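# Per-entry structural report
Residues per chain are reported as follows:
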Amino acid sequence: MRAKKRQGKEAGTKTSTGRRGIRGTVSLINRFTDNLKLRTKMILICVLCVLVPVIGTDLIFWSVIYKAEQQRVDSMMDDVAKSTESYLDNMMDSLNDMTATFYTNSELYDFLDTRYEDAHEFYEEYLDAIDSLNVVYGNNTYIKRIVFYSNNDTLLDGGYIGKTSSVQDESWYKYFTQSGKEALMYAYYDDDIVRNQRTISLIRRLDYTKSDPRVWERLIKLDVSYAYCSRMLAEQHYSADVYICWGDNILFSNTDNSNGVMPFHSKSELDIDKAVRSFEYSVCGEPWQVYFFPSESSSSLGVADILRSHKELFATIVFINLLLPFTAIYILTHSITRRLKVLSRHMEMVKEGQYEGIDMVPSKDEVGDLVRHYNLMAAKIKELIENIYKEQLRRQENELQKQRAELQALHSQINPHFMFNALESIRMRSLLKREDETAQVIEQLAVMMRKSTDWGDDLVTVADEVAFAESYLRLQQYRFGDRLSFRVEMAPDCANYRIPKLTLVTFVENACVHGVEGVKRNCIIILSVEQYDGMLRIYIEDTGAGMSEERGAAILEEMRTATFDSLSGSKSIGIMNACLRLKNCADDAVDFELDSEEGAGTCITISIPTENLQS
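Residues numbered from 1 in each chain as written. Predicted model: local features only at pLDDT ≥ 70, side-chain atom pairs only at ≥ 80, totals over all residues. Heavy atoms only, no water.

### Details of helix H12 (residues 462-480)
- Across its 19 residues, H12 extends 26 Å between first and last C-alpha, which sits within 8% of the 27 Å expected from 1.5 Å per residue.
- If you check which residues of H12 are buried, you get Val462, Glu465, Val466, Phe468, Ala469, Tyr472, Leu473, Leu475, Gln476 and Phe480. (Helix = DSSP H or I, 4+ residues; strand = E, 2+ residues; numbered from the N terminus. Expected span 1.5 Å × (residues − 1). Buried < 20%, exposed > 50% of the residue type's maximum accessible area, 1.4 Å probe, protein only.)

Encoded structure:
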């Protein structure tokens, strides 16, 4: 009993372990698939559910078709090879039969060995020999020409007879004599002015009977009818291109339409590696190579023929394995991706601060839930933004009112209105005492003071501000006398740009107070306004006291970082005020430069993009 219980516990433990292993595997798979992007999941569905089955099925299908086609091609090549071999057998049998008949002809030997007294005697014997030759030659269509050669010098060249002395320099004769064989086939191009054609000859020694001691050599040369043999090969209608080669020459081919009038083509022109079949055929002990290539003019070996022969099966496989799955997958994935794209576009709009709801027919799947949740989120955010935006507008309005109050306070620091009546009284008193120069100066000062108190519009044209600064320099010239001279320059195209009032005169005043007052020598102040490269550039330069490098760097830093809060603690409140108003006017797109040398003078450069200025 205890053994049975122990066995039961062990079985239960194994089952529990197996279940935990399965759950762990499922959990691992879920974590892996959950981290995949939706696009990757769709691709995996297409690959695993469509491409893999299709490729596997197609491989099986094509392997079956390929094997069947290979068997068909092999069978066809066997037929072509047998037919070609039969063609060569017929040709060689015909030639060998012909040479064998002449080889044992005793009358032929007598004719070749006889020593003739003159040409007349030879001719009479030749006519008798011709009759017997014609009986043997008959209508053998494979043979074009027969010539018997002998070194009997009483023979005459012509017709069927030739002397070996007349062909000793011919390539075929040299090849035959050097080979030492009794018979051979030789191919060459006969470039005789009359013939000019390919020639294939069967050459054989005629030594069946012993010859007269005065006669040492007899030969028979059968020239193959090249045109007939080529035509016979072409009429076989092979489903392949056949090439019969000897050495480096292509002797016959069913693709050659030259009819033998051109020199032999070289075997090197063939790509032997692409031959689907080849064999050697022995001719008089020498090998002829026969090659078979797929025919370009025939579709029997092509893929198109395979598809046509199995088009119903192929169409069925394509429809089942491709069209149906891809159609279903496209419909299902399009249902998801179409709505996700819409949701993605609206999420992109969120980056631009646009929270538009998605107008879409409600759906009950997970994507529909996402769309509904997005619409709720967008509506809530728009509501929150509207509340926050209103609060921000209220705060900005309060801040603007504060800045305006501070600006008015700064204006009041620059413009002492109570001085107007006092200046007018002094000017009238000077006129009564005939102090005209003093009266004129006081009048200019009063005009300047009156303009400085008119804050109906804080912006004035560059021309008005330059004129105001010029008036101020004239007043300072009255004060300093010959010690001060000035030059004011303004390009005409700068006149109508608008800048804050009393900004340029502030820098000019600073040049007078801190530049000219600090030295006893004569000084000059230059105010220049010009425009180039899309920038309005203002230069205020003096040849006065200047300042140290450390002091100049500190002032330049204050000018560039001026704020309302920094005005109260600055020693250069006028300059900081002017810099701050210029920056407010041009949306902070103002650049200040300060170049000063102690004892030599100071130059301040103000650069403002013209596109940031009113005109």
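### Here we look at the nonpolar core
- Within the largest apolar cluster, 67 residues are counted, with the highest numbers of intra-cluster contacts made by Met91, Phe148, Ile200, Phe252 and Trp288.
- The element contributing the most residues to this core is helix H2 (residues 38-103), with 13 residues.
- In this structure, Ala469, Tyr472, Val505 and Ala586 belong to the second largest nonpolar core, which totals 46 residues. (Core = buried A, V, L, I, M, F, W, Y, C linked by side-chain atoms within 4.5 Å.)

### As for the sheet that holds strand S5 (residues 218-224)
- One open sheet accounts for five strands, arranged S2-S1-S5-S4-S3; its pairing is mixed. At either margin of the open sheet sits one strand with a lone partner, and together these are strand S2 (161-163) and strand S3 (183-190). Direction aside, neighbouring strands of the sheet carry axes that sit 30° apart on average.
- Sheet analysis places strand S4 (residues 197-205) next to S5, joined by five bridges and oriented antiparallel. When the sheet's bridge partners are listed, Ile203 is paired in S5 with Lys221. (Pairing = 2+ DSSP bridges. Axes fitted to C-alpha atoms, helices over the stretch in contact; angles between N-to-C directions.)

### Topic: the side chain of Lys267
- When you line up the elements, Lys267 lands in the loop between strand S8 (265-266) and strand S9 (277-283).
- Despite its burial, Lys267 pairs with no opposite charge, the nearest such side chain being Asp248 at 6.1 Å.
- Apart from the residues lying within four places of it in its own chain, the contact partners of Lys267 are Cys245, Gly247, Asp248, Ile250, Ile272, Gln289 and Tyr291. (Lys, Arg positive; Asp, Glu negative; His and termini not counted. Salt bridge = Lys/Arg side-chain N within 4 Å of Asp/Glu carboxyl O. Contact = heavy atoms within 4.5 Å.)

### Topic: helix H5 (residues 171-179)
- Residues Trp172, Tyr173 and Phe176 constitute the buried set of H5. All buried residues of H5 lie within an arc of 100° about the axis, which places them on one face of the element.
- Summarising the contacts, the buried residues of H5 are in contact with strand S1 (143-150), S3, S4 and S5.
- Just downstream of H5, Gly180 is the residue with a positive phi angle, here 75°. (Arc of directions from axis to C-beta.)

### Quick notes on the environment of Glu107
- If you trace the backbone, Glu107 turns up in helix H3 (residues 106-113).
- For Glu107, a relative accessible area of 56% gives the class exposed.
- Separated by 22 residues in sequence, Glu107 and Ala129 place their C-alpha atoms 7.9 Å apart.

### Remarks on the packing of H12 against helix H13 (residues 504-516)
- Packing of H12 against H13 brings their axes to within 8 Å, and their N-to-C directions diverge by 20°. Between H12 and H13, the crossing angle belongs to the class labelled roughly parallel. Like other packed secondary-structure pairs, H12 and H13 cross with a definite hand, here right-handed. Contacts between H12 and H13 pair Glu465, Val466, Phe468, Ala469, Tyr472, Leu473, Gln476 and Phe480 from the former with Leu504, Val505, Val508, Glu509, Cys512 and Val516 from the latter.
- The residue makeup of the contact of H12 with H13, split by class, is eleven nonpolar, one polar and two charged. (Parallel < 35°, antiparallel > 145°, perpendicular 65-115°, else oblique. Left-handed = near helix turned anticlockwise from the far one by under 90°. Nonpolar A, V, L, I, M, F, W, Y, C, P; charged D, E, K, R; others polar.)

### Regarding unusual backbone geometry
- Positioned with a positive phi, Leu502 is a non-glycine residue whose angle comes to about 65°.
- Overall, the relative accessible area of 5% leaves Leu502 in the buried class.
- The phi dihedral of Asp533 is positive, around 55°, even though this residue is not glycine.
- Positionally, Asp533 belongs in the loop between strand S14 (523-532) and strand S15 (535-542).

### As for the sheet that holds strand S16 (residues 591-597)
- A sheet is described by the order of its strands in space; here five strands give the open sequence S12-S14-S15-S17-S16, paired in mixed fashion. The open sheet has two edge strands, strand S12 (484-490) and S16, and neither has a second partner. Across the sheet, the mean angle separating the axes of adjacent strands is 10° when strand polarity is ignored.
- Here S12 runs beside S14; their pairing, made up of seven bridges, is parallel. Bridge assignment links Leu484 to a residue of S14, and that residue is Cys523.

### Regarding the packing of aromatic side chains
- Counting across every chain of the model gives 18 aromatic pairs.
- Aromatic pair Tyr186 and Trp246: ring centres 5.7 Å apart, planes at 75°, arrangement edge-to-face. With Tyr186 in strand S3 and Trp246 in strand S6 (residues 240-246), the pair connects residues that are 60 residues apart, well separated along the chain.
- Look at Tyr186 and you get buried, because its relative accessible area is 12%.
- Judged by relative accessible area, which is 12%, Trp246 ranks as buried.
- Seen from the ring of Tyr103, Arg204 lies directly overhead, with NZ or CZ sitting 4.3 Å from the centre. (Phe/Tyr/Trp six-rings, centres within 6.5 Å; stacked < 30°, edge-to-face > 60°. Lys NZ or Arg CZ within 6 Å of the ring centre and 35° of its normal.)

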